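# Structure assessment
Below, each chain spelled out in residue letters.
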Amino acid sequence: MKVITKYILKQIIKVFLLCHLIFILLYLIADFIQKVDDFVVAGVSVTTTLQFVICRIPTMMVQIITPAATLISIIVVICQMKKNKEIMAMKACGLDLHKVFQPVIVFSIITSIFTLFLAEEVVPYTNARSTEIQQVEVRKRPQASFQEWYKSNKNIYWIKHFDIETKTIDDPVFYFFDDNFNLIKKISGKSCRWVNGEWEIKDAKIQTMENGKIPPEPRYILDIPETPETFISKMRKPDDMNYAELKRRAKKYRAQGYDNTTDLVNLYMKLSYPFMGVVFALIAIPLGLWEKIKGIPLSITLGMLTVFLLFVTMGIAKALGSNGTLPPILAAWTANILFSFSGIYLLMSIKK
């Protein structure tokens, strides 16, 4: 590795880590001030409160802190080099600035891979834990409960209330259909609980199209493919799942006849978010080298404006993807692609 490359990367890494420290501290302070009243009123311990705040950090790192820190660190270092006439000296020595700053792009790729690791291995756990604390400790609500219709292949279930801890469905109704979607059987009961690897319905009432009503059974074993994990996964938010889990859910929903467009958009977003850092690096280099921009503050301001515009574009594209206007993969990557081409264009317009 050349001396100039080591020098540039060393300076960028120092500012990059400093930006992380500042952004995380600002986030912790802002989030703590915003939520401290709710936690005090709910009587949540200091340890649990700190755990909640800390569990939110990986998500913020993936979605904004690391990409923004990449952009700012590159701009600050290049502007400082420009101020110290180091860029001028490089040009005078005949160095190709495009080649000089290529390792910066490699650095942004490495940070994006690290961000992807956080998104896959850390964020699902920390998000689930922070949601659990807010739901159970602060709002004093059951950790898991939902009410909705659930479609399973040819069957449809009415789930009034499902509880994760007891693995019990209250007042369930199960409708079974044939291949022509004709109702052939209906089973309802007071509760349906997962016991020893099977669903057990209490006070089951069974009706069939052939035999009509069958006398109630105090204990009826229901034969369906779903397990408690099936309903638990349906309740989980996309941010609480990694790429593989979200992909399985999207595939399963599609097989069950549901519209899985939103899940597909969220699935591809799992990859596009971490690689925003590369996009910002492509934009930061020309912004820092642009001779018409004098001073670090103006460069950072333009950089943060770019961050804002990218997030707005990504939000619009995500909305268009969710309603079917854009293909899911295009909705997730449109912002990155547009801003990447913009960065490459600006970079090529900079004099070597």
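See the structure shown above.
All of the points below concern the structure found in this document. (Residues numbered from 1 in each chain as written. Predicted model: local features only at pLDDT ≥ 70, side-chain atom pairs only at ≥ 80, totals over all residues. Heavy atoms only, no water.)

When helices and strands are counted, the chain shows twelve helices and nine strands. Taken over C-alpha atoms, the radius of gyration comes to 27 Å for the chain, far larger than the 20 Å a tight globule of 352 residues would show. Expressed as a percentage of the 352 residues in the chain, the buried residues total 43%. Looking at the chain alone, contacts between residues at least 24 apart form 62% of all its contacts between residues at least 6 apart. If you average the places of the 42 positive and of the 30 negative side-chain charges in the chain, the two averages end up 12 Å apart. (Helix = DSSP H or I, 4+ residues; strand = E, 2+ residues; numbered from the N terminus. Rg over C-alpha atoms; globule rule 2.2 N^0.38 Å. Buried < 20%, exposed > 50% of the residue type's maximum accessible area, 1.4 Å probe, protein only. Contact = heavy atoms within 4.5 Å. Lys, Arg positive; Asp, Glu negative; His and termini not counted. Charge placed at Lys NZ, Arg CZ, Asp CG, Glu CD.)

A word on the packing of helix H6 (residues 102–138) against helix H10 (residues 276–289). Axis separation between H6 and H10 bottoms out at 8 Å; the angle between their running directions is 155 degrees. Here H6 is positioned roughly antiparallel relative to H10, judged by the angle of their axes. As H6 runs across H10, the sense of the crossing is right-handed. Residues Val104, Ile105, Ser108, Ile109 and Ser112 of H6 pack against Gly277, Val278, Ala281, Leu282 and Ile285 of H10. Grouping the amino acids of the contact of H6 with H10 by side-chain chemistry returns seven nonpolar, three polar and no charged. (Axes fitted to C-alpha atoms, helices over the stretch in contact; angles between N-to-C directions. Parallel < 35°, antiparallel > 145°, perpendicular 65-115°, else oblique. Left-handed = near helix turned anticlockwise from the far one by under 90°. Nonpolar A, V, L, I, M, F, W, Y, C, P; charged D, E, K, R; others polar.)

Before going further, it helps to examine the packing of aromatic side chains. The geometry of an aromatic ring pair is captured by the separation of the ring centres together with the interplanar angle, meaning the angle of the planes. All told, the structure shown has five aromatic pairs when counted by the stated rule. Directly above the ring of phenylalanine 176 sits lysine 185, whose terminal nitrogen or CZ lies 5.2 Å from the centroid. (Phe/Tyr/Trp six-rings, centres within 6.5 Å; stacked < 30°, edge-to-face > 60°. Lys NZ or Arg CZ within 6 Å of the ring centre and 35° of its normal.)

Where strand E4 (residues 168–170) meets strand E7 (residues 191–195), three bridges bridge the pair, whose relative direction is antiparallel. Paired with isoleucine 169 across the strands is cysteine 192, a residue of E7. As defined by bridge partners, E7 adjoins strand E8 (residues 198–208) across five bridges and the pair is classed as antiparallel. Paired with valine 195 across the strands is glutamate 198, a residue of E8. (Pairing = 2+ DSSP bridges.)

What follows concerns a nonpolar patch on the surface. A cluster of nonpolar side chains, contributed by Leu305, Phe308, Leu309, Val312, Ile316 and Leu320, occupies part of the molecular surface with about 520 Å² of accessible area. Tracing the backbone through its elements, the reader meets leucine 309 in helix H11 (residues 296–322). Leucine 309 gets classed as partly exposed once you look at its relative accessible area, which sits at 41%. (Patch = residues over 30% accessible without salt bridge, like charges linked within 9 Å, V, L, I, M, F, W, Y side chains within 5 Å. Areas by Shrake-Rupley, 256 points an atom, 1.4 Å probe, with all protein chains shown as cover. Salt bridge = Lys/Arg side-chain N within 4 Å of Asp/Glu carboxyl O.)

Burial of strand E2 (residues 155–159) is one-sided: the residues Asn155, Tyr157 and Ile159 facing one way are buried, the residues Ile156 and Trp158 facing the other way are not. The sheet contact formed by strand E1 (residues 148–152) and E2 spans five bridges and is antiparallel. Looking at the pairing, tryptophan 149 lines up with tryptophan 158 of E2. Strand direction decides the pairing type here: E2 and strand E5 (residues 173–177), joined by four bridges, are antiparallel. Along E5, the bridge assignment pairs isoleucine 156 with tyrosine 175.

The subject of this paragraph is the environment of glycine 189. Turning to its location among the elements, glycine 189 is positioned in the loop between strand E6 (183–188) and E7. Judged by relative accessible area, glycine 189 falls into the buried class, the value being 14%. Expressed as a C-alpha distance, the spacing of glycine 189 and proline 286, which sit 97 residues apart in the sequence, is 67 Å. Those residues in contact with glycine 189 that lie beyond four places of it in its chain are Asp171, Pro172, Ile201, Lys202, Asp203 and Ala204.

Now for the pattern of salt bridges. On inspection of all chains with the given rule, the structure shows two salt bridges. A salt bridge links glutamate 200 to arginine 219; its shortest N-O distance comes to 2.8 Å. You can see glutamate 200 sitting in strand E8 and its partner arginine 219 sitting in strand E9 (residues 212–222), a full 19 residues away along the chain. The salt bridge involving aspartate 263 is made with arginine 249; its shortest N-O contact spans 3.0 Å. Here the residue aspartate 263 occupies a position in helix H9 (residues 261–272), and arginine 249 occupies one in helix H8 (residues 243–255), the gap between them amounting to 14 residues. Here arginine 249 falls in the buried class, since its relative accessible area comes to 9%.

Excluding glycine, most residues fall at negative phi; most peptide bonds, likewise, are trans. With phi around 45 degrees, aspartate 171 is a residue other than glycine that occupies positive phi space. Examined against the element boundaries, aspartate 171 turns out to sit in the loop between E4 and E5. Classification of aspartate 171 by relative accessible area gives partly exposed; the value is 33%. The phi torsion at asparagine 196 lies on the positive side, around 50 degrees, for a residue other than glycine. Along the chain, asparagine 196 turns up in the loop between E7 and E8.

Here we take up the environment of isoleucine 164. If you trace the backbone, isoleucine 164 turns up in the loop between strand E3 (161–163) and E4. In this structure, the C-alpha to C-alpha distance between isoleucine 164 and isoleucine 232, residues 68 residues apart in sequence, is 7.0 Å.

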